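Listed below, chain by chain, are the residues.
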Amino acid sequence: MVVENDSERLLAYRRGIIEMLFVEGNHFCMFCEKSGECELQALAYRFGITAPKYPYLFPRREVDASHPDIFIDHNRCILCARCVRASRDLDGKHVFGFVGRGPEKKIAVNAEADLAGTNADAADRAMEICPVGALMRKRVGYAVPIGQRTYDHEPIGSDIEAKRASADT
């Protein structure tokens, strides 16, 4: 069996999905403290997306900054569930989960009111695993200077491609 995973058709589908993730949220990369460390931004650069072809939806979503050390910006969340799994499997806390369906689906916390009512901690693995900066620690934004950020020198996936190339030789 031959499995093709790098055809033009598949690349077009991947590009479309990335564009939809951008327009369904409020991603302002130039002002985001996750810029240069953001996986969505890195994928957009990798696929040559400078402006999505779909119209922006500009949804109005809340930001929960009630916790003294962390915040959730629902505008940036791409519903990847990494924080849900990390909180459950790595931190053993079950702080995050999904509520709602369809366009109303969002990350919620295990408290009746807000993030401050949870047992989430800035040291939790769930805080560092968010690919887009929807879940961030306070007072650490812009800590890594331009030129030293994760995707400033090597595009996303370069490490995987290097392993594949060395295995082929």
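Residues numbered from 1 in each chain as written. Predicted model: local features only at pLDDT ≥ 70, side-chain atom pairs only at ≥ 80, totals over all residues. Heavy atoms only, no water.

Another point: the overall build of the protein. Along its length, the protein carries 4 helices and 5 strands. What you see in the protein, going N to C, is helices and strands ordered as α-α-β-β-α-β-β-β-α. Considering only C-alpha atoms, the protein reaches an extent of 50 × 40 × 35 Å along its principal axes. The buried share among the 169 residues of the protein stands at 36%. Residue pairs in contact within the protein that sit at least 24 positions apart in sequence constitute 66% of those at least 6 positions apart. Only carbon and sulfur atoms are counted for the fraction: they give 55% of the accessible area of the protein, which is about 10900 Å². (Helix = DSSP H or I, 4+ residues; strand = E, 2+ residues; numbered from the N terminus. Buried < 20%, exposed > 50% of the residue type's maximum accessible area, 1.4 Å probe, protein only. Contact = heavy atoms within 4.5 Å. Areas by Shrake-Rupley, 256 points an atom, 1.4 Å probe, with all protein chains shown as cover.)

What follows is about the nonpolar core. What tends to happen in soluble globular proteins is that the nonpolar side chains get buried as a cluster. With 29 residues, the main nonpolar core has Ile18, Cys83, Phe96, Val109, Leu115, Met127 and Leu135 as its most contacted residues. Going through the elements one at a time, α1 (8-24), α2 (39-46), β2 (70-73), α3 (82-90) and β4 (106-109) are the ones with two or more residues in this core. (Core = buried A, V, L, I, M, F, W, Y, C linked by side-chain atoms within 4.5 Å.)

Take the environment of Cys29 next. Residue placement: Cys29 occurs in the loop between α1 and α2. Among the residues examined, Cys29 registers a relative accessible area of 21% and is labelled partly exposed. Along the primary structure Cys29 and Gln41 are separated by 12 residues, whereas in three dimensions their C-alpha atoms are 7.2 Å apart. Sequence-distant contacts of Cys29, that is, excluding residues within four places in its chain, are made with Phe22, Ser35 and Gln41.

Quick look at the pattern of salt bridges now. Counted according to the given criterion, the structure contains 10 salt bridges. Of the charged contacts in the structure, one is a salt bridge between Asp73 and Arg76, with a shortest N-O distance of 3.4 Å. Of the residues examined, Asp73 reaches a relative accessible area of 10% and is grouped as buried. For Arg76, a relative accessible area of 12% puts it in the buried group. A salt bridge links Arg125 to Glu128; the shortest N-O distance between them is 3.1 Å. One salt-bridge network, in which partners are shared between bridges, spans Glu33, Asp73 and Arg76. (Salt bridge = Lys/Arg side-chain N within 4 Å of Asp/Glu carboxyl O.)

Another point: the sheet that holds strand β1 (residues 63-64). Here 3 strands make up an open sheet; going across it, the order is β1-β2-β5 and the pairing antiparallel. At either margin of the open sheet sits one strand with a lone partner, and together these are β1 and β5 (135-137). The pairing of β2 with β5 spans 3 bridges and is antiparallel. Directly across from Ile72, in β5, lies its bridge partner Leu135. (Pairing = 2+ DSSP bridges.)

On to the pairing of strand β3 (residues 96-99). In this structure, β3 lies alongside β4, joined through 4 bridges in antiparallel fashion. By the bridge assignment for β4, Gly97 is matched with Ala108.

A few words now on the side chain of Asn26. In this structure, Asn26 sits in the loop between α1 and α2. Here the side chain of Asn26 touches Pro59 through a polar contact of 2.7 Å, landing on its backbone oxygen. Once you skip the residues sitting within four places of it in the chain, Asn26 turns out to touch Phe58, Pro59, Asn75 and Arg76. (Polar contact = N/O pair within 3.5 Å; in protein donor to acceptor, adjacent residues only side chain to side chain.)

Looking now at the packing of aromatic side chains. Inspection of the entire model under this criterion finds 1 aromatic pair. Ring centres of Tyr56 and Phe58 lie 5.4 Å apart, and the angle between their planes is 25°; on these two criteria the pair is classed as stacked. Under the relative-accessibility criterion, Tyr56 is labelled partly exposed at 39%. The ring of Phe98 carries Lys105 above its face, with NZ or CZ at 4.3 Å from the centroid. (Phe/Tyr/Trp six-rings, centres within 6.5 Å; stacked < 30°, edge-to-face > 60°. Lys NZ or Arg CZ within 6 Å of the ring centre and 35° of its normal.)

Limitation: the analysis is restricted to geometry and does not speak to function.
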